[in-house]
Amino acid sequence: MIDSQTRNELLRLAAQARERSYSPYSHYSVGAALLTKDGKIYQGCNIENASFTPTICAERTAFFKAIYDGERDFSAIAVIGSGDSPAYPCGVCRQVMAEFCNSDFEIITSNRDGSEVVTETLDSMLLHRFGPKDLQ
Ligand code: THU
């Protein structure tokens, strides 16, 4: 488990990342902050598209920036959405987490003002997942 200071820092950086959101269609902005096992933090936001399908979520933006940089080991991600309820990662983002993260990877989700924060693990969010182990 990450400590509460790190958790708060991830939430702060996720809120900051949400300000970079490009979401003119849904008007739902999301920010994420992804922590690597060696303590680096990658931020991401959702980026929408007029053709809808190319839209990418905040979580995957953060992951792909980190993966590009050569990072492969992750401890936690904080996600903040602009809604009244916590922004739970979509199924596609959970599957991306399944590619790179262990069962105990922490997923911290928050609503807009941080009044509701929920912490889960990858296991609790995506049980019986298909992943790299299935193709060995
Ligand atoms: N979105 C995220 O960025 N992360 C999630 O976990 C859920 C959905 C974005 C995608 C789209 O830009 C907007 O929220 C509405 O679906």
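Residue indices begin from 1 for each chain and proceed along its sequence in written order. Residues qualify for local features only when their pLDDT is at least 70, as the model is predicted, and side-chain atom pairs are given and counted only at 80 or more; totals for whole chains, interfaces and linings, by contrast, use all residues. Each side-chain value is derived from all of the structure's non-hydrogen atoms; neither hydrogens nor water enter the calculation.

Now for the site of the ligand. If a single non-hydrogen atom of a residue is within 4 Å of a molecule or strand, that residue counts as near it. Neighbouring residues of the ligand: Ser 26, Tyr 28, Val 30, Asn 46, Glu 48, Thr 55, Cys 57, Ala 58, Glu 59, Tyr 88, Pro 89 and Cys 90. Within 3.5 Å is the distance limit for a polar contact, defined as a pair of N or O atoms, with the added protein rule that one can donate a hydrogen and the other accept it, and that residues adjacent in sequence qualify only through two side-chain atoms. Side-chain polar atom of Asn 46 to an oxygen atom of the ligand: 2.9 Å apart, as the coordinates give it. Between the ligand and the protein, one listed contact pairs an oxygen atom with a backbone N or O atom of Ala 58 at 2.9 Å. Relative to its free-state accessible area of 380 Å², the ligand is covered by the protein chains to the extent of 79%. Only Asp, Glu, Lys and Arg are considered charged, only Ala, Val, Leu, Ile, Met, Phe, Trp, Tyr, Cys and Pro nonpolar, and every remaining residue, Gly among them, polar. Residues belonging to the shell around the ligand are distributed by class as follows: seven nonpolar, three polar and two charged. Each accessible area is a Shrake-Rupley result for a 1.4 Å probe, and residues are judged covered by the shown protein chains and nothing else.

To continue, consider the pairing of strand 4 (residues 106-110). Exposure is judged per residue with a 1.4 Å probe applied to protein chains only, and the accessible area is read against the type maximum: over 50% gives exposed, under 20% gives buried, and values in between give partly exposed. Only DSSP runs of H or I reaching four residues or more are called helices, and only runs of E reaching two or more are called strands; each is numbered from the N terminus. Of all five residues making up strand 4, five are buried, and the element is well covered by its neighbours. Residues of strand 4 alternate between two faces, with Glu 106, Ile 108 and Ser 110 on one and Ile 107 and Thr 109 on the opposite face, all of them buried. Between any two strands, at least two bridges found by DSSP are needed for them to pair. In terms of strand pairing, strand 3 (residues 74-81) meets strand 4 through five bridges, oriented parallel. Paired with Val 79 across the strands is Thr 109, a residue of strand 4. Orient the strands so they point away from the viewer; a crossover is then right-handed if the path from the first strand over the helix to the second runs clockwise. In this fold, strand 3 hands off to helix 3 (residues 91-100), which returns the chain to strand 4; that crossover is right-handed.

Function-wise, these values are silent; they only describe arrangement.
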